[in-house]
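Residue-level structural notes
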Amino acid sequence: MNIFRSLIGKVWQDPNAAEVVKISTGQLFLLRPGNIRTSRECIYNDAMATIRRVPNMEHNFLLVITRVYEEGGQELLEDEDETDEEREFLISQELEFRTDKTPEGDPTFVWRDLAGDVDEFFEFVAIGTNEPTKAFFETCMYRAMYERKHMRNADTVNESDLEEFIYKPPTMKKPPPRRKVARAPSTSSVEEVKPPLPASPKGKGKGKAPVVKELPGTPVYELEEVELYHWEREQGFVHQGIFSAYIVKTGQYSYVLCASTDDAGILLEHELNSSMNPKFNPRMRSVTWNHVKEGQDVSSWLFAFPSDEEYSKFCTIYQQCGWETLNQMPFNKIKEEDRRYVMSSTNEDIEMLDLEDEEEDEEEVLSELDPDEESESEEEEEYDDDEEQPRPLDGDSNSQLTVGYRGENAFVVRGNNIGVFRHNPDSGAMKYTGTMSKISTPKGQAFKPQNIMLHEQDTKMVLMNPSDPHSLYQADIEYGKVVEEWKVHDDITVSHIAPIDKFAPTTHEQTLVGTSHNALFRIDPRISGSKMVDSQYKQYAGKNKFSGVVTTASGKLAVASEKGDLRLFDSIGKNAKTALPPLGDPIIGIDATADGRWIVATTKTYLLLIDTLIGEGKYQGSLGFDRSFPATAKPIPRRLRLRNEHVAYMNHDISLTPARFNTGEGQEENAIVTSTGQFVIAWDFAKVKKGLLDRYEIKKYEDKVVQDNFRFGDDKEIIVALKNNVLQVNKKALKKPTRLSLGVGTGASRSTIVNTPY
């Protein structure tokens, strides 16, 4: 509470300050639990919450919710007879003020509507507000209640003095079972849930009884009553009714998620696969997911469970069934310690480590309380020079991006050409400077590079030829063509390459790391004949299907596979110190922090974050590269996912590009960047390490994003390769996901954050 005492001294003790605290971004709802029409009505789609002093009335405060308009939006409403701009509530214990969280993790403030019916409440959803700010606002509410009740200043109160104002719900008897009902979603594009078929009245007519669809297989999970919600663009998660929920086995390793009613049978049937992008929220006892069907809009759904027990049971069975679907083998056949590792990834609502830093928290709170002090976001500057990237007539488009270590260059593969772009320090734009044209072998055979890697202080480039996987090719960048072929081995193919250590490309280091589908080795182009170093070659048993390799600053290695497992090595030629079992999704890219503490692996629909620090046992404090994790204390894998409602707005099947940390010698990693479709997405790594896994910012482009990465040594400038363009964007230009940033038109709302809770 030291942070709050410090902040209280800044914002509370000035009697001339009308406003005590403000949260600038949120939404206001009216809750009517017993209303047949709607139990949750949006009052202000974009609003701010303020605690104000009552003028000339000492020890009295108001909770004020103010509607916020888009620039010029207020003028659009001038012709209306009446506008509802602001609502005020005298802060007192009678409000029964309490806090909660949405399924997406946003804080909510709830209080009784003293002017409404007995069961009506207001709810303010503090969108994007961090935990310290939420706690500070809550403390200010309790202090205001204290001052009104006791008519004295709250400067010297302790936490125990405020406990009487913390709402404690009355003990409720268990309600009688509710009859399962369902209603059709209001959006006509959704076909998965249909209105229940009416039963024929007894004794009337000669019509046939409605056909009731039965379960498509054998249930492995069943719950008689669960609440089903469907995401609708203008309303958020809308209640569909009370359903029975099932996970049904339809094949040896295939399952579907079903919802049904007594009258109509199965009304929802979604096949378990990676595109569902499930998000588990233990605090709200809810699970959200997406449904992707060719030719239809992407939809988002939510199950709300009646108890912690049922929620946990569903999550356990869902995770096991999903794992079997991806791995095509029984879950109970893997080791117990591996089963624990897989199941630990389900809970996405736990802080990963204790990073309590009061100064940092205070800065976060102050920045949120007064966001107007933040500088305006800088927009990206595209290269727009007279010399533009030539577009080959064969229809090729940009396919790869590599950012230079020295100088200001970036290299983009387009067919069998490599475009060279340079950062212009005067304009901040990326300027096209030339092309390495018609890439071919020294013997003149043209090829389209499968993978490229900068080498020897950006003077050379190593290329992989998909038609000759036994060799690598070296290009001289200044000369602009391939000058040398390196035969690695006659019998062993090269599938992936990496620098011998993270910053080796900034030096004249000659050697590099290579992998085949099941081997790890060093490549030295200086030796005669085959370039593989025989003494630093290790083949591993089984069909490992290695899919990527990355090195740390000290040369430790992490290797990923198409099966989804990760191996950590302290050096080439030895067995892995740590082997982490697969969650099931193929890993398509991998990166690590320079010190090796963190690994981010990219799958199609989420990023997998691993903390390699051993937290207990004999080797506590070591990294998994140097020592093995205890069998009972493997790291907890964390998934960085896009929120399901954001995916519904994006309206495409998520397909992430390999994620990257910002990188630079002596620079701490503080951001992660990736992309999907037309969107660049970045996570604040400091927030991720505190457990805020779904707090990301986003920017939409008119064309598909092929790849993106930070400039070397810079944590603000992102180089973005589109299919037919290359540009640079400042990270500040990325925004919280809103209708505007997600490209969903405009309206009277200023920002309409797209994470409205159900």
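Under an unreviewed UniProt entry, the name given to the chain is VID27 cytoplasmic protein-domain-containing protein, and the organism recorded is Lentinula aciculospora.

Focus on helix α3 (residues 131-150)
In an α-helix, one full turn covers 3.6 residues, which means residues spaced three or four apart are oriented alike. For α3, built from 20 residues, the straight-helix expectation of 28 Å at 1.5 Å per residue is met to within 8% by its first-to-last C-alpha distance of 29 Å. Counting buried positions along α3 gives 16 out of 20 residues, so the element sits mostly inside the fold. Where α3 terminates, the next one or two residues include Met151, which has phi positive at roughly 50 degrees.

Observations concerning empty space enclosed by the protein
Overall, the coordinates contain four cavities of 30 Å³ or more when judged by the stated rule. Counted as a void, the largest cavity has a volume near 210 Å³. In terms of lining residues, the largest cavity is bounded by 17 residues, among which Pro278, Tyr318, Gly322, Leu326 and Arg639 are the most central. Sorting the residues of the lining of the largest cavity by element identifies α5 (308-327) and β35 (638-641) as the ones contributing at least two each. Sorting elements by how many residues they give to the lining of the largest cavity places α5 first, with six residues.

Concerning the sheet that holds strand β39 (residues 696-700)
The strand order across the open sheet formed by four strands is β36-β37-β38-β39, and the pairing between neighbours is antiparallel. Looking at which strands have only one partner, the edges of the open sheet turn out to be β36 (660-661) and β39. When strand β37 (residues 671-676) meets strand β38 (residues 679-684), the two strands line up antiparallel, connected through six bridges. Looking at the pairing, Thr676 lines up with Phe679 of β38.

Side note on the pairing of strand β1 (residues 19-31)
Taking burial as the measure, the 13 residues of β1 include 11 buried ones, the bulk of the element. Where β1 lies against strand β2 (residues 40-53), nine bridges are found, and the strand directions are antiparallel. Bridging across to β2, Lys22 finds its partner in Thr50. Sheet topology note: the β1/strand β7 (residues 121-125) ladder contains five bridges and is antiparallel. Directly across from Leu31, in β7, lies its bridge partner Phe121.

Let's talk about the nonpolar core
By size, the foremost hydrophobic cluster in this structure holds 34 residues, and its most contacted members are Ile51, Ile65, Trp111, Phe124 and Phe137. Mapped by element, the contributors of at least two residues to this core are β1, β2, β3 (61-67), β6 (107-112), β7 and α3. It is α3 that provides the largest number of residues to this core, a total of eight residues. Among the nonpolar cores identified, the runner-up in size contains 30 residues, and Tyr229, Val647, Phe685 and Leu742 belong to it.

Observations concerning the side chain of Ser244
Tracing the sequence through the fold places Ser244 in strand β9 (residues 236-251). A distance of 2.8 Å separates the side chain of Ser244 from the backbone oxygen of Glu224, its partner in a polar contact.

Things to note about the environment of Ala446
Mapped onto the elements of the fold, Ala446 is located in the loop between β19 (430-436) and β20 (451-455). Here the alpha-carbon distance between Ala446 and Asn465, two residues 19 residues apart in the chain, equals 9.4 Å. Beyond its immediate sequence surroundings of up to four residues, Ala446 is in contact with Asn416, Ile439 and Ser440.

With respect to helix α6 (residues 336-344)
Among the residues of α6, those classed as buried are Asp338, Tyr341 and Val342. Around the axis of α6, the buried residues are gathered within 95 degrees of arc, so they sit on the same side. Each element contacted by the buried residues of α6 is listed here: α5, β31 (578-580) and β34 (606-611).

A few points about the packing of aromatic side chains
In the structure shown here, the tally under the stated rule is 28 aromatic pairs. A centroid spacing of 6.0 Å and a plane angle of 80 degrees characterise the contact between Phe97 and Tyr142, whose relative ring orientation is edge-to-face. With Phe97 in the loop between β4 (86-90) and β5 (98-101) and Tyr142 in helix α3, this residue pair connects regions lying 45 residues apart in the sequence. Classification of Phe97 by relative accessible area gives buried; the value is 1%. Under the relative-accessibility criterion, Tyr142 is labelled buried at 5%. Three or more aromatic residues joined by ring pairs make a cluster, and in this case those are Tyr221, Phe280, Trp289, Phe303, Phe305, Tyr311, Phe314 and Tyr318. Its end group placed over the ring of Tyr701, Lys699 keeps NZ or CZ at 5.6 Å from the ring centre.

Brief notes about the sheet that holds strand β29 (residues 557-561)
Pairing is antiparallel in the open sheet, where four strands are placed in the order β28-β29-β30-β31. Each edge of the open sheet is held by one strand with a lone partner, namely β28 (546-551) and β31. This sheet shows a mean twist of 15 degrees between the axes of neighbouring strands, independent of strand direction. Both β28 and β29 contribute to a ladder of five bridges, which runs antiparallel. Residue pairing across strands places Phe546 opposite Ser561, the latter belonging to β29.

Details of the pattern of salt bridges
Within the structure shown, the criterion is met by 27 salt bridges. The shortest N-O distance in the salt bridge between Arg643 and Asp106 comes to 3.4 Å. With Arg643 in the loop between β35 and α8 (644-650) and Asp106 in the loop between β5 and β6, this pair connects stretches of sequence that are 537 residues apart. A relative accessible area of 0% means that Asp106 is categorised as buried. In this structure, the salt-bridge partner of Asp591 is Lys502, at a minimum N-O distance of 3.1 Å. Here Asp591, found in strand β32 (residues 589-592), pairs with Lys502, found in the loop between β24 (496-499) and β25 (512-515); they are 89 residues apart in sequence, far enough to count as distant. Each member of the pair, Asp591 together with Lys502, is buried. Salt bridges linked by common partners bring Asp106, Lys279, Arg643, Asp694 and Arg695 together as one network.

So, how was this worked out
- All chains use their own residue numbering, which begins from 1 and follows the written sequence.
- Only residues with pLDDT of 70 or above have their local features reported here, since the model is predicted, and side-chain atom pairs are shown and tallied only from 80 upward, although totals for entire chains, interfaces and linings are computed over all residues.
- Only hydrogens and water are set aside; all other atoms, that is, all heavy atoms of the structure, feed into the side-chain values.
- To qualify as a helix, a DSSP run of H or I must reach at least 4 residues; to qualify as a strand, a run of E must reach at least 2; elements of each kind are numbered from the N terminus.
- To estimate how far a helix should reach, multiply one less than its number of residues by 1.5 Å.
- Exposure classes here rest on a 1.4 Å probe applied to the protein chains alone. A residue is buried below 20% of its type maximum, exposed above 50%, and partly exposed in between.
- Throughout, the protein atoms alone are placed on a 1 Å grid, and a set of points is a cavity if a 1.4 Å probe fits but cannot get out or a pocket if it is open with protein on both sides within 12 Å along at least five of seven lines; lining residues have an atom within 4 Å of a point.
- Grid points are joined across faces, edges and corners, and a volume is the space filled by probe spheres set on the points.
- By the convention used here, strands pair only if DSSP detects at least 2 bridges between them.
- Here, nonpolar core refers to any group of buried Ala, Val, Leu, Ile, Met, Phe, Trp, Tyr and Cys residues whose side-chain atoms link them within 4.5 Å.
- By the criterion applied in these results, polar contacts are pairs of N or O atoms within 3.5 Å in which, for protein atoms, one can donate a hydrogen and the other can accept it, and in which residues neighboring in sequence qualify only through two side-chain atoms.
- Should any heavy atoms of two residues lie within 4.5 Å, those residues are counted as being in contact.
- When we speak of the arc, we mean the arc of directions from the helix axis to the C-beta atoms.
- Geometry of aromatic contacts follows a simple scheme: Phe, Tyr and Trp rings, the Trp one being its six-membered ring, pair when their centres are within 6.5 Å, and the pair is stacked under 30 degrees between planes, edge-to-face over 60, tilted otherwise.
- The rule for a charge over a ring is simple: NZ of Lys or CZ of Arg within 6 Å of the ring centre, and within 35 degrees of the ring normal.
- Here the axes come from fitting lines to C-alpha atoms, over the contacting stretch only for helices, and the angles between their N-to-C directions go from 0 to 180 degrees.
- Salt-bridge detection follows one rule: a side-chain nitrogen of Lys or Arg within 4 Å of a carboxyl oxygen of Asp or Glu.

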